[in-house]
Amino acid sequence: MLCCAGHLAPLLLLALFSVSSLLFVDGSHQDQEFREAVGSRILLQTNPDAHEVHCSRERSRAAWEAIDEYLMPFVEKEKYELPSKCRLRPDNDMFREQEQHKIHFDINEWHCGFCKKAFRAEKFLDQHFENRHKNLVDNSEGRCMADLCGALHCDLMMQFKKPKSKCNAAAATRNRHLCESLADSCFPVNQGLAASRLHEFFLRQFCDAHTCNKGTKPFPKGGRKQTNRFYLALCILTLILLPLFYLIVFLHQREMRKGTQDLKRFSKIGQKKKPS
């Protein structure tokens, strides 16, 4: 019995060693597979094709400027919340996060809010976003604001010259349909008085101008009130020059008084020298 046990002990040790070796190899293989999977995900995330964007940043910016200036003040006044399916919502702009991280210090000084790098012009900052922070763009369907430019008059916002060619009636009709669909989805008339008023407002503000009739212009209701730059510059200049003007007047009056006193003194001296 002891002899059998003595022979079985090495066999048991050998079996345990074999099992542990298999477990170690299997575990190492799983770790390798895990590392390879993580590595493949990293490669996919850093693959530039994974974040390829087919959306004009410039026209998306123009679309949002039209919304922000000519629509949102009236939406805020009505205290109305745009529904989630409305494509005019700020969170439906794929470039919104990047645009919010632009820091404009001066005319020729722009900074990246992510990495604090400085640029001489906004276009260079846009290129930096595309090269270095492309992963922050949510390139999902329905998030390209540039697709709405036909309805939102982006060309006017970008200050393009009026085309010399005749009005394209088909394009005007297509843009009007897009505009009306935005009004229906963002301001459903069955969602209350505020939605109904904004629906009518949107049609007048944006949609009516999509026609070949020359008398109709976009944004007839006006937009966000902005301080006139010329008026602001004039006020600053006045504040600077006004104290200077009073200083000049004060010095002039002081010199005049001094001259009058000197003249009186000379007159008295002349009177004293006359013989009696």
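The rules behind each value
- Residues numbered from 1 in each chain as written.
- Predicted model: local features only at pLDDT ≥ 70, side-chain atom pairs only at ≥ 80, totals over all residues.
- Heavy atoms only, no water.
- Disulfide = S-S within 2.5 Å.
- Buried < 20%, exposed > 50% of the residue type's maximum accessible area, 1.4 Å probe, protein only.
- Helix = DSSP H or I, 4+ residues; strand = E, 2+ residues; numbered from the N terminus.
- Patch = residues over 30% accessible without salt bridge, like charges linked within 9 Å, V, L, I, M, F, W, Y side chains within 5 Å.
- Areas by Shrake-Rupley, 256 points an atom, 1.4 Å probe, with all protein chains shown as cover.
- Salt bridge = Lys/Arg side-chain N within 4 Å of Asp/Glu carboxyl O.
- Pairing = 2+ DSSP bridges.
- Contact = heavy atoms within 4.5 Å.
- Axes fitted to C-alpha atoms, helices over the stretch in contact; angles between N-to-C directions.

S.K.: I'd like a description of the state of the cysteines, backed by residues and values.
M.R.: Tallied over the full model, the rule gives five disulfides. Each disulfide pairs two cysteine sulfurs, and for Cys149 the partner residue is Cys154, the sulfurs being separated by 2.2 Å. Its torsion about the S-S bond being -85°, the disulfide of Cys149 and Cys154 is classed as left-handed. As far as the burial class goes, Cys149 and Cys154 line up, both buried. Residue pairing for Cys167: its cysteine sulfur links by disulfide to Cys212, the two sulfurs lying 2.1 Å apart. Taking the sign of the S-S torsion, -75° for the link of Cys167 and Cys212, the bridge is left-handed. Of this pair, Cys167 sits in the loop between helix H7 (154-157) and helix H8 (169-186) while Cys212 is found in the loop between helix H9 (193-207) and helix H10 (229-273), placing the two residues 45 residues apart along the sequence. Classification of Cys212 as partly exposed rests on a relative accessible area of 35%. Note on Cys112: no disulfide assigned, nearest cysteine sulfur contributed by Cys115 at a separation of 3.6 Å.

S.K.: Please provide a residue-by-residue account of a nonpolar patch on the surface, values included.
M.R.: On the surface, a cluster of nonpolar side chains totalling about 830 Å² of accessible area is made up of Ile236, Leu237, Ile240, Leu241, Leu244, Leu247, Ile248, Phe250 and Leu251. The residue Ile248 is located in helix H10 in this model.

S.K.: Go over the sheet that holds strand E2 (residues 109-112), please, and point to the residues and values.
M.R.: Backbone hydrogen bonds are what pair the strands of a sheet, in a parallel or an antiparallel way. Taken in spatial order, the three strands make up an open sheet running E1-E2-E3, and their pairing is antiparallel. The strands lining the two open edges of the sheet, one partner per strand, are strand E1 (102-106) and strand E3 (118-119). For E2 and E3, the ladder comprises two bridges, and the chain directions are antiparallel. Across the sheet, Trp110 pairs through a bridge with Phe119, a residue of E3. Each of E1, E2 and E3 is contacted by helix H5 (residues 122-132), which is oriented at about 15° to E2, the strand it contacts most.

By themselves, these observations are geometric and do not establish any function.
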